[in-house]
Amino acid sequence: MVSADERSGSGRVIAILGAGSLGRLWAALLPSGHCGFLPRPEHASRFMRSISRQDLPPETRCEYVLVRSVPPSMAPQGFGREILTASPVSGDARIHVSLPWLESTESIELLLVTTKAGDTLKALGSWLQHTPIGTPIVLFQNGLGSQQAVAERWPERPILAASTTEGANRPSPEVLVHAGAGDTWVGALTASAVYHTASVVQQLAETGLQIHAEESILQRLWQKLVVNAGINPFTALLDCPNGDILNSPLYQQNIDGLCSEISVLLEAETSEAIAPEVLRERIETVARNTASNTSSMRADVLAGRKTEIDYINGYLVQCGKRHGIATPVNQMLTERVKGL
Ligand code: NAD
Ligand code: KPL
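What counts as what
Residues numbered from 1 in each chain as written. Chains lettered and ligands numbered in written order. Predicted model: local features only at pLDDT ≥ 70, side-chain atom pairs only at ≥ 80, totals over all residues. Heavy atoms only, no water. Pairing = 2+ DSSP bridges. Helix = DSSP H or I, 4+ residues; strand = E, 2+ residues; numbered from the N terminus. Axes fitted to C-alpha atoms, helices over the stretch in contact; angles between N-to-C directions. Contact = heavy atoms within 4.5 Å. Salt bridge = Lys/Arg side-chain N within 4 Å of Asp/Glu carboxyl O. Buried < 20%, exposed > 50% of the residue type's maximum accessible area, 1.4 Å probe, protein only. Parallel < 35°, antiparallel > 145°, perpendicular 65-115°, else oblique. Nonpolar A, V, L, I, M, F, W, Y, C, P; charged D, E, K, R; others polar. Near = heavy atom within 4 Å. Polar contact = N/O pair within 3.5 Å; in protein donor to acceptor, adjacent residues only side chain to side chain. Areas by Shrake-Rupley, 256 points an atom, 1.4 Å probe, with all protein chains shown as cover. Right-handed = clockwise from strand over helix to strand, strands pointing away. pLDDT = per-residue confidence, 0-100.

Moving on, we come to the sheet that holds strand β11 (residues 183-188). Taking strand neighbours across the sheet as the criterion, the seven strands line up as β2-β1-β6-β7-β8-β11-β12 in an open arrangement whose pairing is mixed. The sheet is open, and its two borders are formed by β2 (35-38) and β12 (210-213), each paired with just one other strand. This sheet shows a mean twist of 25 degrees between the axes of neighbouring strands, independent of strand direction. In this sheet, strand β6 (residues 108-113) lies alongside strand β1 (residues 13-17) in parallel orientation, the contact comprising five bridges. Residue Leu-17 lies in a different strand from β6, and its bridge partner there is Val-113. The strands touched by helix α2 (residues 21-29) within the sheet are β1, β2, β6, β8 (159-164), β11 and β12, with β2 carrying the most contacts at an inclination of about 160 degrees.

As a further point, take the pattern of salt bridges. For the structure shown, the criterion picks out nine salt bridges. Asp-310 is paired through a salt bridge with Lys-338; the nearest N and O atoms lie 2.9 Å apart. Of the two residues, Asp-310 is situated in the loop between α10 (296-302) and α11 (313-323) and Lys-338 in helix α12 (residues 328-338); the sequence distance between them amounts to 28 residues. For Asp-310, a relative accessible area of 30% corresponds to the partly exposed category. Here the salt bridges share partners, and the residues they tie into one network are Lys-116, Asp-300 and Arg-305.

Before going further, it helps to spend a moment on the packing of helix α8 (residues 249-270) against α12. As a packed pair, α8 and α12 sit with axes 8 Å apart at the nearest point and diverge in direction by 125 degrees. The orientation of α8 relative to α12 falls into the category oblique. Packed against α8, whose contacting residues are Leu-250, Asn-254, Gly-257, Leu-258, Glu-261 and Ile-262, the element α12 presents Pro-328, Val-329, Asn-330, Met-332, Leu-333 and Arg-336 at the interface. Along the lines of polarity and charge, the residues of the contact of α8 with α12 split into seven nonpolar, three polar and two charged.

Close contacts around ligand 2 come from Asn-142, Lys-224, Asn-228, Ile-231, Asn-232, Asn-242, Val-286, Asn-293, Ser-295 and Ser-296, and that covers them all. Asn-228 has a polar side-chain atom sitting 3.0 Å from an oxygen atom of ligand 2. If ligand 2 stood free it would expose 280 Å²; the protein chains cover 84% of that surface. With four residues, the single largest contributor to the shell around ligand 2 is helix α7 (residues 217-238). Across the shell around ligand 2, the residue classes break down as two nonpolar, seven polar and one charged.

What follows concerns the site of ligand 1. Around ligand 1, a shell composed of 23 residues is seen, among which Ser-21, Leu-22, Asn-142, Ala-168 and Glu-308 lie nearest. Gly-20 places a polar main-chain atom, nitrogen or oxygen, 3.3 Å from an oxygen atom of ligand 1. The contact in question runs from an oxygen atom of ligand 1 to an N or O atom on the side chain of Asn-142, over 3.1 Å. For ligand 1, whose accessible area on its own is 830 Å², the fraction buried by protein is 84%. Every element with two or more residues in the shell around ligand 1 is listed here: α2 and β9 (167-172). Along the lines of polarity and charge, the residues of the shell around ligand 1 split into eight nonpolar, nine polar and six charged.

Take the pairing of β12 next. For β11 and β12, the ladder comprises four bridges, and the chain directions are parallel. Bridging from a neighbouring strand, Thr-184 pairs with Ile-211 of β12. Taking the sense of rotation as the criterion, the β-α-β connection linking β11, helix α6 (residues 197-205) and β12 turns out right-handed.

Bridge count between β8 and β11: five bridges; the pairing is antiparallel. Paired with Leu-160 across the bridge in β11 is Ala-188.

The next subject is the side chain of Thr-115. Locating Thr-115 in the fold gives a position in the loop between β6 and α4 (120-128). At 3.0 Å, the side chain of Thr-115 and the side chain of Thr-120 are in polar contact. The residues contacting Thr-115, other than those within four sequence positions of it, are Leu-17, Gly-18, Thr-120, Ala-123 and Gln-141.

On to the confidence of the model for the chain. Averaged over all residues, the pLDDT of the chain equals 89, while 88% of them reach at least 70. Here residues 47-56 is a poorly scored stretch, pLDDT under 50, and it has 22 contacts once near neighbours within four places are set aside; other chains count.

With that settled, consider the sheet that holds strand β5 (residues 93-100). Pairing between sheet strands relies on hydrogen bonds along the backbone, with the strands arranged either parallel or antiparallel. Judged by pairing direction, the sheet is mixed, and its five strands sit side by side in the order β4-β5-β3-β10-β9 without closing on themselves. Strands with a single pairing partner mark the edges of an open sheet, and in this sheet they are β4 (83-86) and β9. Taking the axes of each pair of neighbouring strands and ignoring which way they run, one obtains an average angle of 30 degrees across the sheet. Here β4 pairs with β5 via three bridges, running antiparallel. Looking across to β5, one finds that Thr-85 is bridged to Arg-94. Packing against the sheet, α2 makes contact with β3 (61-68), β5, β9 and β10 (175-180), and its axis sits at approximately 85 degrees to β3.

And the structure:
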C-alpha cells in the first residue's frame, strides 16, 4: 500500500476528502507534491494494493485541467505544474493538474473536507479512525448543521470550518473552472482547533487566494446562510439565474416573510439582532452582483443531484423547532425544493 508519506517523499501532505469542484480547486492551487485526494470508501480498495512509487498505474492519479479566468494579480503560480496556456493580460490560464489518490491518512498534516454537507459525516467516519488525533480538519460545506454534527461527534479533534465565496464548477469531468475569485474565512469549531487556526490560514494562503482567520466562524457561516436561504431555493424553484428571482411573484410574495423568520432565528441563535429589511438588502445585493450565476442549488437540481436544502432553509426550520419559532416560509421552500 502507498502511504501519503511515501507519495510526497516529505511527510508533509494535505489530504482532500471530496474530489469535486471545490476540492479540485484547492488541490490545484496548493503546492504540488504535497497534496492528494482521499477516495470514496467504495473506490479505496481499487488502490489498496502493493505498488511501488515509481510504478503507479494511471488510475491512482486524478488528472484534470484547471481553467482560471481571474484578475491578473492572481496569475497562475503553477507550482511546477504544466501551464498549457496563460495570458499575462487577462490572467486566463489552463493548467494541467495531476494529483495522487491517497490510501492512508496516517501521515497527513491537514485534512480539507469538500464533500457536500449531507455526505460529510459519513465520509469522515470512513477515514478518521486512521487519522492522527492532532490532525486539523477543515470543513468547507455551505449552510449549517453538518459542521456542528462533525464537531459534536469528534469534540476531541481540532475541527475548523471555512466559509468561502470562491466559485468553482466542472463543465465536464476533466475540466475545472475557477469561475470567481472571492474570500475564505477559517475559524475553530472545537477547543483544540483554536491553536491551529493561524497555521491553517498560512497553509491555505499558499494558494494565492484571500484567506482570513475568523474568531466567530459560526456567525460568519450564518451570514452566508442568510444569503443562500434567500437566493438558492428561489433559483431552483423558478429554474433561473440568481438575478431573475428579484422580479418574480414567488420571490416578491415570500421574501419579507422569509427575512422576518430569519431575523428572529438569528437573534435566538446568535444574539445578533438584524432587521428583516437589512437582511433583504443583503440578499438582493448578492443576487444583483451574481445576476447571471446559476446557484449551486439550481445546478444540483439540473444535474439530478441531491440539493443542500436541508442545511440551508431546512436548517432554519430545525432551528425554529428548537426555539419554538414558526418558520412557514422556510418550511414551504424546503418542501417545494425537496419535491423537485
Ligand atoms: P461537488 O459535488 O462538486 O463535490 C463533492 C465531492 O464529494 C464529489 O466529488 C463526491 O464524489 C465526493 N464525495 C461524496 N461522498 C464522498 C465520500 N464518502 N468520500 C469521498 N468523497 C465523497 O460539490 P462542490 O461544489 O465541490 O461543493 C462541496 C461543498 O462546498 C458544498 O457544501 C458546497 O456548498 C460548498 N461550496 C462550494 C463552492 C463551489 O464553488 N463549488 C463554493 C462555496 C462552497
Ligand atoms: O453561494 C451561492 C450559491 O450558489 O450557493 C450564491 C451566493 C447564491 C451565488 O450563486
